[in-house]
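For reference, the chains in residue letters:
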Amino acid sequence: RTWPLGSLLLFAALALLTFFGLDNAFGNGDEVIYAQNVREMRESGDWGALRWQGIDTFQRPTLPFVLSMASEAVLGGEFGLRFPMALFSLATLLLVYVASLLCWGRHDAAALAATLCAAVPSFHLFTRSLLSDAPFVAMTTLALVGTLWSLRDKRGLVLAGLGLGGAVAIKSMAVGPIGLALAPWLIYTTYRHRAYRQLMMAGALFSLIAFPYFIYSYATYGDAFIDGHFGWTLGKRVAGEYGNTVGLAGGLGAYPAHIWNADGPLVVLWLLVAAAGGMFFWRRGDKALGCAVTAALATLALFSLFGTRLPHYILAIYPSLAIALAGVYATVAKEH
């Protein structure tokens, strides 16, 4: 159906919010590092590895930064480097809207979800920065949308495979906790719909998108890629061996404390309402709400087990709980 005028105006406002200020000077230390990575990648002509002061680091796939390099060539400066990330940020808000509308059929609930997600300070900051998080969150949100769709239509499995494959192509094994959080629902819907053909299609699509980075990198850089990507970057990061200067303090409670301090009590309030309300209505039979809530809570719990805890690791919980809040709102509005 045609979207109402109010929804179109909302996304015009969200676009302005997303793209405003992209030309500000880099203030985040990681942005400075990635800007240098992009510069060295462009100068060397080797797009297969991130390079710092001439040394290949193999931290993560280069795809997001290749996009930034191409954008900078056209638009220039900080704005050009950040522009692809802002596009993915806006795409995530669109996915939140579409998922809410798909599950509960209310434009007002979908608009509420997109607005609340956009207004989270952490989401606004990190998904507009020269980091790989914006495309990663867009792909994991796409995987969630596919999982929600699969509850009623087995074709959603293919979309989930696309989203998870894209997330690996963007940020490698960082998708692990989110994939594990979605796995029970993907298994459930496979058996419920006898969707074995769709599951194989999803697996094939996932492999086609996710594996080329690893195949190319190992073929090009050999054991240096294995040691740098899996040994140092992933292994030591998960184990928390980067030292006391990297990551949030506070142990398993680090992320809840960060959300309270960085995002504020109003964000904490709606996140709690989404989680508690979603669990309540899931018990009454709304599986879409159960999927959205458990995906967020399991993601938060699994990333909390990492030794290195960084704020942008958990960005995926905001779109998921925003979708859940849309469901809670729609259900309450329907019953009253």
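Residues numbered from 1 in each chain as written. Predicted model: local features only at pLDDT ≥ 70, side-chain atom pairs only at ≥ 80, totals over all residues. Heavy atoms only, no water.

Observations regarding the confidence of the model for the chain
As a reminder of what qualifies: The quantity known as pLDDT measures the predictor's confidence residue by residue, on a range of 0 to 100. Only DSSP runs of H or I with at least four residues qualify as helices, and only runs of E with at least two residues qualify as strands; both kinds are numbered from the N terminus onward.
Looking at the chain, pLDDT values average 92 and 97% of them are 70 or higher. Least confident of the elements in the chain is helix α11 (residues 223-239), whose mean pLDDT is 78; most confident is helix α7 (residues 133-150), at 98.

With respect to the pattern of salt bridges
The test is simple: Here, a salt bridge means any Lys or Arg side-chain nitrogen found within 4 Å of an Asp or Glu carboxyl oxygen. When accessible area is computed with a 1.4 Å probe and restricted to protein chains, residues below 20% of their type maximum are described as buried, those above 50% as exposed, and intermediate ones as partly exposed.
Tallied over the full model, the rule gives eight salt bridges. We note a salt bridge from D153 to R155, for which the minimum N-O separation is 2.7 Å. For D153, a relative accessible area of 18% translates into the label buried. The exposure class of R155 is exposed, given its relative accessible area of 52%. Note that E335 is salt-bridged to R284, the shortest N-O span being 2.6 Å. Here R284 lies in the loop between α13 (265-283) and α14 (287-304) and E335 lies in helix α15 (residues 317-335), a separation of 51 residues in the sequence.

Topic: the side chain of R82
What counts, and what does not: What makes two residues a contact is simply this: any of their non-hydrogen atoms within 4.5 Å.
With respect to the helices, strands and loops of the structure, R82 is situated in helix α4 (residues 77-104). Apart from the residues within four sequence positions on either side, R82 is in contact with G21, L22, D23, N24, A25, F26, E31, R128, S129 and L130.

A short note on a nonpolar patch on the surface
Counted only if it meets this: Excluding any residue in a salt bridge, patches collect residues exceeding 30% relative accessible area, merging like charges within 9 Å and nonpolar Val, Leu, Ile, Met, Phe, Trp and Tyr side chains within 5 Å. Here the open area of atoms and residues is found with the Shrake-Rupley method and a 1.4 Å probe, where only the protein chains shown may cover a residue.
A contiguous nonpolar patch, built from M173, Y218, I226 and F230 and spanning about 350 Å² of accessible area, is present on the exposed surface. Position of Y218 relative to the elements: it lies in helix α10 (residues 196-221).

Some details on helix α2 (residues 29-44)
Every α-helix carries 3.6 residues per turn, so stepping three or four residues along brings you back to the same face. This is how the line gets drawn: Working rule for helices: expected span equals 1.5 Å times residues minus one.
An ideal rise of 1.5 Å per residue puts 22 Å on 16 residues; α2 measures up with 23 Å between its terminal C-alpha atoms. Within α2, burial applies to E31, Y34, A35, Q36, N37, V38, E40 and M41. Where the residues of α2 are buried, they touch β1 (51-52), α3 (63-75) and α4. Of the residues one or two after α2, G45 is the one with positive phi, at around 80°.

Focus on the packing of α13 against α14
Cut-off, in case you're wondering: Every axis corresponds to a line fitted to the C-alpha atoms, with the helix fit spanning only the stretch in contact, and the corresponding angles, defined between N-to-C directions, vary from 0 to 180 degrees. Angles are sorted into four bins: roughly parallel if under 35 degrees, roughly antiparallel if over 145, roughly perpendicular if 65 to 115, and oblique for all others. Working rule for handedness: look at the near helix, and if it is turned counterclockwise from the far one by less than a right angle, call the crossing left-handed; if clockwise, right-handed. Polar here means any residue other than Ala, Val, Leu, Ile, Met, Phe, Trp, Tyr, Cys and Pro, which are nonpolar, and Asp, Glu, Lys and Arg, which are charged; Gly is therefore polar.
Contact pair α13 / α14: the axes reach a minimum separation of 8 Å and the direction vectors enclose 140°. Here α13 is positioned oblique relative to α14, judged by the angle of their axes. Read as a crossing pair, α13 and α14 show a hand that is left-handed. In contact with A274, A275, G278, M279, F281 and W282 of α13, α14 contributes K287, L289, G290, V293, T294 and L297. Here the contact of α13 with α14 is built from residues that sort into eight nonpolar, three polar and one charged.

A look at the environment of V74
By the secondary structure assignment, V74 is in helix α3. The exposed category is assigned to V74, whose relative accessible area is 70%. Considered as a pair, V74 and T57 are 17 residues apart in the sequence and their alpha carbons are 27 Å apart.

Considerations on unusual backbone geometry
A positive phi angle, close to 55°, is found at S172, a residue other than glycine. With respect to the helices and strands, the residue S172 is situated in the loop between α8 (156-171) and α9 (176-193). Positive phi values are uncommon outside glycine, yet R194 reaches one of about 50°.

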